[in-house]
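# Understanding the architecture of this molecule
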Amino acid sequence: MTESQEKLDEGRKDLIIGNWKMHHTHLEAIQVIQKLSYRLDLADYERVDVGVAPPFTALRSGQTVIEADRLPIHLGAQDTHFAESGAFTGEISAPMLAKLSVRFVIVGHSERREHFGEDDALVNQKAKAVLAAGMTPVVCVGETLEIRESGDTNEWVTGQVAGAIKGIEDLSKLVFAYEPIWAIGTGRTPSTDDAAGVIDVIRAALGDAGDVVRVLYGGSVNAGNIADFMAKRTIDGALVGGASLDPDSFASIVRYWV
Ligand code: 13P
């Protein structure tokens, strides 16, 4: 049996998501989604679930182009507030995202943890809000270079997972992304063995759900290295930053298997 067949037998279809971060206006987003769709065909979508997470301002346009052209591309958001509504100036709630046909929401990205002070408890509240609104939380975990060098990566990541899942009964609806912070936007990556090892630690921290939850790798993924990561049985896909902004580059990543 091939490794990818084993993943499918465990119900884990490949999932490749573009996290556009604070890039692309709504007009650019329309173009990128359309161009991406021209470069992908049915066989690609059958093999890989494809997602894009544009900034909030482009979600409505993304929804419109995806629905008008009936594209099998999953629309995602990069963050959410945990409350359904309320006096939280500047914030956006999970039910608001769900109304825009958003299917998944990235929570706990290291950039939010670092620049906006998000901790595991907040990530947990956000993951619950996303689930309550019927969407999939894509929970990001990962260590700093300092933690890696001190040999504490596994312990750190296990703690982040435990914090994120507290009180969530059905873990099968979650997706995790292992994103070592030192690999984000740097062109540096862990070896595929290293990444697979930490991802197995994440699976262990999920207990019984560890075999069914999709766990992605993120950090300097590009068209040149994606196939190596995907060759690992435990790695179900990728969360791609910089290399997802250009439709040609992102399509090549999605088509890593061709
Ligand atoms: P890069 O692919 O640009 O390293 O970003 C990774 C990331 O943070 C995706 O969420």
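Before reading on, note that the structure itself is shown above.
Residues numbered from 1 in each chain as written. Predicted model: local features only at pLDDT ≥ 70, side-chain atom pairs only at ≥ 80, totals over all residues. Heavy atoms only, no water.

## Observations concerning the pairing of strand β2 (residues 48-53)
For β2, the tally of buried residues reaches 6 of 6 residues, placing the bulk of the element in the interior. The two faces of β2 match: Val48, Val50 and Val52 on one face and Asp49, Gly51 and Ala53 on the other face are all buried. Pairing analysis gives 6 bridges linking strand β1 (residues 14-19) to β2, with the strands arranged parallel. Counted as the bridge partner of Asn19 is Ala53 from β2. For β2 and strand β3 (residues 73-77), the ladder comprises 3 bridges, and the chain directions are parallel. (Buried < 20%, exposed > 50% of the residue type's maximum accessible area, 1.4 Å probe, protein only. Helix = DSSP H or I, 4+ residues; strand = E, 2+ residues; numbered from the N terminus. Pairing = 2+ DSSP bridges.)

## Considering the site of the ligand
By nearness alone, 13 residues border the ligand, and Lys21, His109, Gly185, Ser220 and Gly242 come closest of all. Side-chain polar atom of Asn19 to an oxygen atom of the ligand: 3.0 Å apart, as the coordinates give it. A distance of 2.8 Å is found between an oxygen atom of the ligand and a side-chain nitrogen or oxygen belonging to Lys21. Taken together, the residues of the shell around the ligand sort by class into 4 nonpolar, 7 polar and 2 charged. (Near = heavy atom within 4 Å. Polar contact = N/O pair within 3.5 Å; in protein donor to acceptor, adjacent residues only side chain to side chain. Nonpolar A, V, L, I, M, F, W, Y, C, P; charged D, E, K, R; others polar.)

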